[in-house]
Amino acid sequence: TFLRDKADRNARILALADKLSNLRAIERDVISIGDQVWERFHQKDKKMHGWLYRQTAEVLRELEEYPAWQEYDRLIRRVFHEDFILGAVFTAPFL
């Protein structure tokens, strides 16, 4: 996959910034309207969104010393109630 296998560090930082921005917006909406937020997306399954965000975090784990990655990780856990998944390793063929 491009992000995991071919993207350089700058591209990974850019991907992190984009995903972090998206997740911040989702969190604001979850606070405002709850799980209705998922109805806005073509993929309406919250678990699938959580899986994708976690996969991206794992691919970008080399950036974990950055505050942006740490915030991204916290938001994933908060938005997707993921505490029970921490430490799990998944593979995403499209990342």
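Residues numbered from 1 in each chain as written. Predicted model: local features only at pLDDT ≥ 70, side-chain atom pairs only at ≥ 80, totals over all residues. Heavy atoms only, no water.

Undergrad: Can you help me understand the overall build of the protein chain in this one?
TA: Along its length, the protein chain carries 4 helices and 0 strands. Reading the helices (α) and strands (β) of the protein chain from amino to carboxyl end gives α-α-α-α. Counting all 95 residues of the protein chain, 34% fall into the buried class. For the protein chain, restricting intrachain contacts to residue pairs at least 6 apart in sequence, the fraction spanning at least 24 positions comes to 68%. Carbon and sulfur atoms form 56% of the exposed surface of the protein chain, whose accessible area is close to 6000 Å². (Helix = DSSP H or I, 4+ residues; strand = E, 2+ residues; numbered from the N terminus. Buried < 20%, exposed > 50% of the residue type's maximum accessible area, 1.4 Å probe, protein only. Contact = heavy atoms within 4.5 Å. Areas by Shrake-Rupley, 256 points an atom, 1.4 Å probe, with all protein chains shown as cover.)

Undergrad: What is the right way to read the packing of helix H2 (residues 9-33) against helix H4 (residues 67-80) from this model?
TA: At a closest axis distance of 10 Å, the pairing of H2 and H4 adopts a crossing angle of 35 degrees. Our pair here, H2 against H4, has a crossing hand that is left-handed. Within the contact between the two elements, H2 uses Leu-16, Lys-19, Leu-20, Leu-23, Arg-24, Ile-26, Glu-27 and Val-30 and H4 uses Ala-68, Trp-69, Glu-71, Tyr-72, Leu-75, Ile-76, Arg-78, Val-79 and Phe-80. Considered class by class, the residues forming the contact of H2 with H4 number 12 nonpolar, no polar and 5 charged. (Axes fitted to C-alpha atoms, helices over the stretch in contact; angles between N-to-C directions. Left-handed = near helix turned anticlockwise from the far one by under 90°. Nonpolar A, V, L, I, M, F, W, Y, C, P; charged D, E, K, R; others polar.)

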